[in-house]
Amino acid sequence: MAYYSFWLARLRSSSTSILSSLRTSKFSTQNTRTRTLITLASDNSSRNGTPFQLFSASLLPLAIAASAGSLAIQSQTHPSLCDSSALDSRDVNIGGKGSTEYVVKGSYKEIPQELVDELKAICQDDMTMDYEERYIHGKPQNSFHKAVNIPDIIVFPRSEDEVSKIVKCCDKHKVPIIPYGGATSIEGHTLSPNGGVCIDLSLMKSVKALHIEDMDVVVEPGIGWMELNEYLEPYGLFFPLDPGPGATIGGMCATRCSGSLAVRYGTMRDNVINLKVVLANGDVVKTASRARKSAAGYDLTRLIIGSEGTLGIITEVTLRLQKIPQHSVVATCNFPTIKDAADVAIATMLSGIQVSRVELLDEVQVRAVNIANGKNLPELPTLMFEFIGTQAYSHEQTLIVQKIVSEHNGTDFIFAEDPEAKKELWKMRKEALWACFAMEPSFEAMISDVCVPLSCLAELISRSKKELDASPLICTVIAHAGDGNFHTVILFDPSKEEDRQEAERLNRFMVHTALSMEGTCTGEHGIGTGKMKYLEKELGTGALETMKKIKVALDPNNIMNPGKLIPPHICF
């Protein structure tokens, strides 16, 4: 808990310095905008003397960084089929191929008072223009990316009907909308480069229906996955996806996230039965029935999952559930090289064993765990497994994997069945990201999220590790080795631009290496603003043009989270 307290204190103190920097920014229109923001904040203070409670601040996870990228989207009277003409006139490649900018550019148009009054009538006291609130929502501390603007208004709807009314008002006035959940995304998904209205869904967090015999649950988007599992535990059920603490179901759908259990249960795409979505014109659409499978029409559920708030706002989610396993075993083992560890992960999957987790930590990450927790673990590449099922089946799986480990130079194979012992073993993985900062508390971090076909994982990690070890920066490897997804936490001194550029270079190297192996630039974190520059190489112009056509058809005024996901240079 000491480390969590330390980092929350660090986040609070860092926001002060960033705020000061923002107020003295030399970006165009900033002086006028600052005066406008202060006026709005003053008006709000006089209307309501009670400070507005921050619903998600206590849930903010690790301030981890991500790859750089930026873009500019201009407010337009008519929908554009190409954003190229709207790019900043300065000689900056914003969000496109080769971009190294991490400050997201955008235009700003003052919010009309008529819209403010309309939103006030809808939301009553569940709305704020307080500067500090808007700053926190516009500058998420766990995102490497920043934006020149912040939202003008934060609204906290309590129902789907309120969301629909809010969206209709914004569409009428052509004001940008930024959906906001647990604020745990790291690729700039919740930035407000064009100002606008931030719709914080934290008040919509109820469980609407639980169907025990069908093993599904209907929830609102603001409920966190950890809160949901606490609710489900007495019924012997659980929702199997486990991203960062504080993540909400709506945001998890929007980014198509996964986690360490994806190797057994799949990603968000595989665990959502249907959605209710408010489109850009305020219409409410239900994407499917509650049947476990259906061949009826276009798969609108999968279209919305991973759309990152650019097509609509999720207001209801029906999720598949799983039975809590009867028994589980957690095992760890060490290897002389990271390639040996990756080879064992691949061999385990090829053996047909249905593991629920296969996680890999390199020796630098283990060193971080030792420093953060005062432990004395062997500082070697380490694999962690979880086996579930009956007690007999879990033991059988453990013995099979132990044999595979011994055939690949593995040592120190230990396993635990006692709940407290399992918790202690798994703690080194759960707190891995926090532990990184124990090595350099004043540094920031960039995190990679590449994923490749499983057969390519060992080569990808080996090539990346060679590059990381040659770098002057501190870099750790954390992988969901069972499905080919691995992260690298790259620590750098934010006061040194050469360090930032080196972190970006390393991230770019891993992305392009993964793409050369028919992999992806993001296995689970999403695109946001940070990964747009890699999409054309990964998907091709044709796919991006198709996405653009869908976006323009559903959101002709470009109000839904503009400047995210689709690169600005894509035209049709």
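This text goes with the structure placed above it.
This write-up is about the structure you can find in this document. (Residues numbered from 1 in each chain as written. Predicted model: local features only at pLDDT ≥ 70, side-chain atom pairs only at ≥ 80, totals over all residues. Heavy atoms only, no water.)

Things to note about helix α4 (residues 131-138)
Counting buried positions along α4 gives six out of eight residues, so the element sits mostly inside the fold. Residues of α4 that are buried: Tyr131, Glu133, Arg134, Tyr135, His137 and Gly138. Between the side-chain oxygen at the start of α4 and the backbone nitrogen of Glu132 there is a gap of 3.2 Å, and the oxygen is on Asp130. (Buried < 20%, exposed > 50% of the residue type's maximum accessible area, 1.4 Å probe, protein only. Helix = DSSP H or I, 4+ residues; strand = E, 2+ residues; numbered from the N terminus. Polar contact = N/O pair within 3.5 Å; in protein donor to acceptor, adjacent residues only side chain to side chain.)

What to know about the sheet that holds strand β8 (residues 216-219)
The strand order across the open sheet formed by five strands is β7-β8-β12-β10-β11, and the pairing between neighbours is antiparallel. Looking at the sheet topology across the chains shown, the edges are occupied by β7 (207-211) and β11 (284-286). Across the sheet, the mean angle from the axis of one strand to that of its neighbour is 15 degrees, orientation sign disregarded. One ladder, built from four bridges, connects β8 with strand β12 (residues 312-320); its direction is antiparallel. Each residue of the ladder has a partner; that of Val217, found in β12, is Leu319. (Pairing = 2+ DSSP bridges. Axes fitted to C-alpha atoms, helices over the stretch in contact; angles between N-to-C directions.)

Considerations on the packing of aromatic side chains
Summed over all chains, the structure comprises four aromatic pairs. Look at Tyr131 and Tyr135: their rings are 6.3 Å apart centre to centre, the planes differ by 25 degrees, and that puts the pair in the stacked class. Residue Tyr131 and its partner Tyr135 are located together in helix α4, separated by four residues, close to a single helical turn. Looking at Tyr131, the relative accessible area reads 9%, which means it is buried. Both rings, one in Phe238 and one in Tyr265, keep their centres 5.8 Å apart while their planes meet at 85 degrees; by these two values the pair is edge-to-face. Linking Phe238 in strand β9 (residues 237-238) with Tyr265 in helix α8 (residues 262-265), this pair joins segments that are 27 residues apart in sequence. By the burial criterion, Phe238 is buried, and Tyr265 matches it. A cation over an aromatic ring shows up here: Arg264 above the ring of Tyr265, its NZ or CZ 5.9 Å from the ring centre. (Phe/Tyr/Trp six-rings, centres within 6.5 Å; stacked < 30°, edge-to-face > 60°. Lys NZ or Arg CZ within 6 Å of the ring centre and 35° of its normal.)

Section: the pairing of strand β15 (residues 357-361)
The side chains of a regular strand alternate, first on one face of the sheet and then on the other. Most of β15 sits out of view: five of its five residues are buried. Every second residue of β15 is oriented toward a common face, with Arg357, Glu359 and Leu361 on one face and Val358 and Leu360 on the other, all of them buried. Both β15 and strand β16 (residues 382-389) contribute to a ladder of five bridges, which runs antiparallel. Note that in β16 the partner of Glu359 across the bridge is Met384.

Thoughts on the side chain of Asp152
Examined against the element boundaries, Asp152 turns out to sit in the loop between β3 (146-147) and β4 (153-155). Side chain to side chain, Asp152 and Tyr108 meet in a polar contact 2.7 Å long. Looking at Asp152, its side chain comes within polar contact range of the main-chain nitrogen of Gly196, at 2.7 Å.

Digging into the nonpolar core
Leu360, Leu383, Phe385 and Phe486 are the most contacted members of the largest nonpolar core, which has 55 residues in total. Residues contacting Leu360, with those up to four places away along its chain left out, are Ile338, Ala341, Ala342, Thr382, Leu383, Val477, Ile478, Ala479 and Ala481. Ranked by size, the runner-up nonpolar core spans 27 residues in total, among them Leu232, Ile249, Met252 and Leu279. (Core = buried A, V, L, I, M, F, W, Y, C linked by side-chain atoms within 4.5 Å. Contact = heavy atoms within 4.5 Å.)

Nothing here speaks to function; it is all geometry.
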